[in-house]
Amino acid sequence: MATEGLILVTGASSGLGRAFAQHALASGRRVLGTVRRQADAEAFERLAPGHAHARLLDVTDTAAIDPMVAEVERSLGPVEVLVNNAGYGHEGILEESPLEELRRQFEVNVFGAVAMIKAVLPHMRCRRRGRILNITSMGGFITMPGIAYYCGSKFALEGISEALASEVRDLGIHVTAVAPGSFRTDWAGRSMTRTPRHISDYDGLFDPVRQRRQAASGRQPGDPARAARALLEVVDSDAPPLHLLLGSDALGLVRDKLARLQQEWSQWEPLARSTDSQATAPAA
Ligand code: NAP
């Protein structure tokens, strides 16, 4: 069923957010994109005058979010779909990376997204209608050395999305956590924060990972325009998924991770079961 109300996309200046907004606009929807610079706001509204609306927002400015959503509901009408897309990747060995970078990573990828959800929920709940798509990452299921803070933030958003879905399902609100693989956006380029190296013990492990990611930036397998089509299909679905992977890299890596988890849990099953209280354990 095609969405008629307003679609709100955070981080609509580039990459996946921009591609999704463009595709939704091309299929006749009205889209509000949040951006951080006036020039980006003007460029966004030029995409489809009268249908593309922009607001300036840094999602870490959480005090600005409720008033912005209230103003949008008043001036542009009901927000039917929220796409929590704004986010960035921190890259750095955990021991080398300041705690401040972990805070910043969570402020944007987790606190910003949750503040957006909390701002739209009262309106959606009142109407018993709404869609929330949280752009997480395959890094919300799998990990690799050097992106502990990023994966932590995306694991958090996966968990929050799943619990939230169970809270709002009976209120007419669908939640989907969308976990993309590697997509050809600014993510590993201008948007990434890279903590400088200084502990030589990690050189052999991490330097090749950093070099590979830098070299692959702009040549990732995922096509943002195709992700945009997939996202709109979810928005229009009567029964959207709770978890959606995007890209065959994400599918392969996450399936491998789940198989390894099953194998490890089976190997250690006797120890896991050994901790049940004898008094309450079911009779054999
Ligand atoms: P991108 O091209 O760098 O786009 C990121 C968008 O987020 C930009 O519009 C950026 O705005 C915005 N943003 C960043 N920090 C913000 C903040 N504090 N407040 C408001 N907006 C902010 O990268 P992308 O790949 O499209 O990223 C979109 C989402 O997909 C992110 O959540 C990312 O983690 C996720 N993701 C990407 C990939 C991938 O391979 N590309 C894979 C998995 C998940 P500015 O232009 O102002 O910087």
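Everything below is about the structure printed above this text.
All of these numbers come straight from a predicted model, not from anything done at the bench.

### With respect to the site of the ligand
Moving on, step 1. Taken together, 29 residues lie around the ligand, and Ser-13, Leu-16, Tyr-150, Thr-185 and Ser-191 are the ones closest in.
Moving on, step 2. Here an oxygen atom of the ligand and a backbone polar atom of Gly-87 are 3.5 Å apart.
Moving on, step 3. Separating an oxygen atom of the ligand from a backbone N or O atom of Phe-183 is a distance of 2.8 Å.
Moving on, step 4. In isolation the ligand has 890 Å² of accessible area, and contact with the protein removes 97% of it.
Moving on, step 5. Of the residues in the shell around the ligand, the class split is 11 nonpolar, 12 polar and 6 charged.

### Observations regarding helix H1 (residues 15–26)
Moving on, step 1. With 12 residues, H1 ought to run about 16 Å at 1.5 Å a step, and its terminal C-alpha atoms sit 17 Å apart, in line with that.
Moving on, step 2. Taken residue by residue, H1 has Leu-16, Gly-17, Ala-19, Phe-20, Ala-21, Ala-24 and Leu-25 as its buried positions.
Moving on, step 3. Of the residues trailing H1, Gly-28 is marked for its positive phi of about 90°.

### Considering the pairing of strand E1 (residues 6–10)
Moving on, step 1. Of all 5 residues making up E1, 5 are buried, and the element is well covered by its neighbours.
Moving on, step 2. Residue alternation in E1 divides its side chains into two sets, Leu-6, Leu-8 and Thr-10 and Ile-7 and Val-9, and both sets are buried.
Moving on, step 3. Where E1 meets strand E4 (residues 79–84), 4 bridges bridge the pair, whose relative direction is parallel. If you follow Leu-6 over to E4, its bridge partner there is Val-79.
Moving on, step 4. In this sheet, strand E2 (residues 31–35) lies alongside E1 in parallel orientation, the contact comprising 4 bridges. Bridge assignment links Leu-8 to a residue of E2, and that residue is Leu-32.
Moving on, step 5. The β-α-β motif built from E1, the intervening H1 and the parallel element E2 has right-handed crossover chirality.

### Regarding the environment of Gln-267
Moving on, step 1. Summarising the element assignment, Gln-267 is placed in helix H8 (residues 248–267).
Moving on, step 2. Spatially, the C-alpha atoms of Gln-267 and Ala-156 are 27 Å apart, while their sequence positions differ by 111 residues.

### Some points on the packing of helix H3 (residues 65–76) against helix H4 (residues 99–127)
Angle between the axes and distance between the axes: these two values describe a pair of packed helices.
Moving on, step 1. At a minimum axis distance of 9 Å, the contact between H3 and H4 shows a crossing angle of 35°. The hand of the H3/H4 crossing is right-handed. Of H4, the residues touching H3 (which contributes Ile-65, Asp-66, Met-68, Val-69 and Glu-73) are Gly-112, Ala-115, Met-116, Ala-119, Val-120, His-123 and Arg-127.
Moving on, step 2. Each residue belonging to the contact of H3 with H4 can be placed in one class, and the counts come to 7 nonpolar, 2 polar and 3 charged.

Conventions used here
- Within any chain, residue numbers begin from 1 and follow the written order of that chain's sequence.
- With the structure being a predicted model, the display of local features is reserved for residues of pLDDT at least 70 and the display and counting of side-chain atom pairs for 80 or more, all residues being used for whole-chain, interface and lining totals.
- Only hydrogens and water are set aside when side-chain values are computed; all heavy atoms of the structure are taken into account.
- It suffices for a single heavy atom of a residue to lie within 4 Å of a molecule or strand for the residue to be listed as near it.
- Identification of polar contacts relies on pairs of N or O atoms within 3.5 Å, with a donor-acceptor requirement for protein atoms, meaning one able to donate a hydrogen and the other able to accept it, and with residues adjacent in sequence counted only if both atoms are side-chain atoms.
- Note on areas: these come from Shrake-Rupley sampling with a 1.4 Å probe, and a residue is covered only by the protein chains present in the view.
- Three classes are used, and their members are as follows: Ala, Val, Leu, Ile, Met, Phe, Trp, Tyr, Cys and Pro are nonpolar, Asp, Glu, Lys and Arg are charged, and the others, Gly among them, are polar.
- Each helix corresponds to a stretch of at least 4 residues labelled H or I by DSSP, and each strand to a stretch of at least 2 residues labelled E; elements are numbered beginning at the N terminus.
- Given a helix with a known number of residues, its expected span is that number minus one, times 1.5 Å.
- For every residue, the accessible area (1.4 Å probe, protein chains only) is compared with the maximum for its type, and the residue is labelled buried under 20%, exposed over 50%, or partly exposed between those bounds.
- Only strands that DSSP links by at least two bridges are regarded as paired with each other.
- Place the viewer so that the strands point away; then a crossover is right-handed whenever the path from the first strand over the helix to the second strand goes clockwise.
- Orientation is described by lines fitted to C-alpha atoms, with helices fitted over the stretch in contact, and by angles between N-to-C directions that extend from 0 to 180 degrees.
- If you view the pair so one helix is near and one far, a crossing is left-handed when the near helix is turned anticlockwise from the far one by less than a right angle, and right-handed when it is turned clockwise.
- Working rule for contacts: check all heavy atoms of both residues, and any pair within 4.5 Å makes them a contact.

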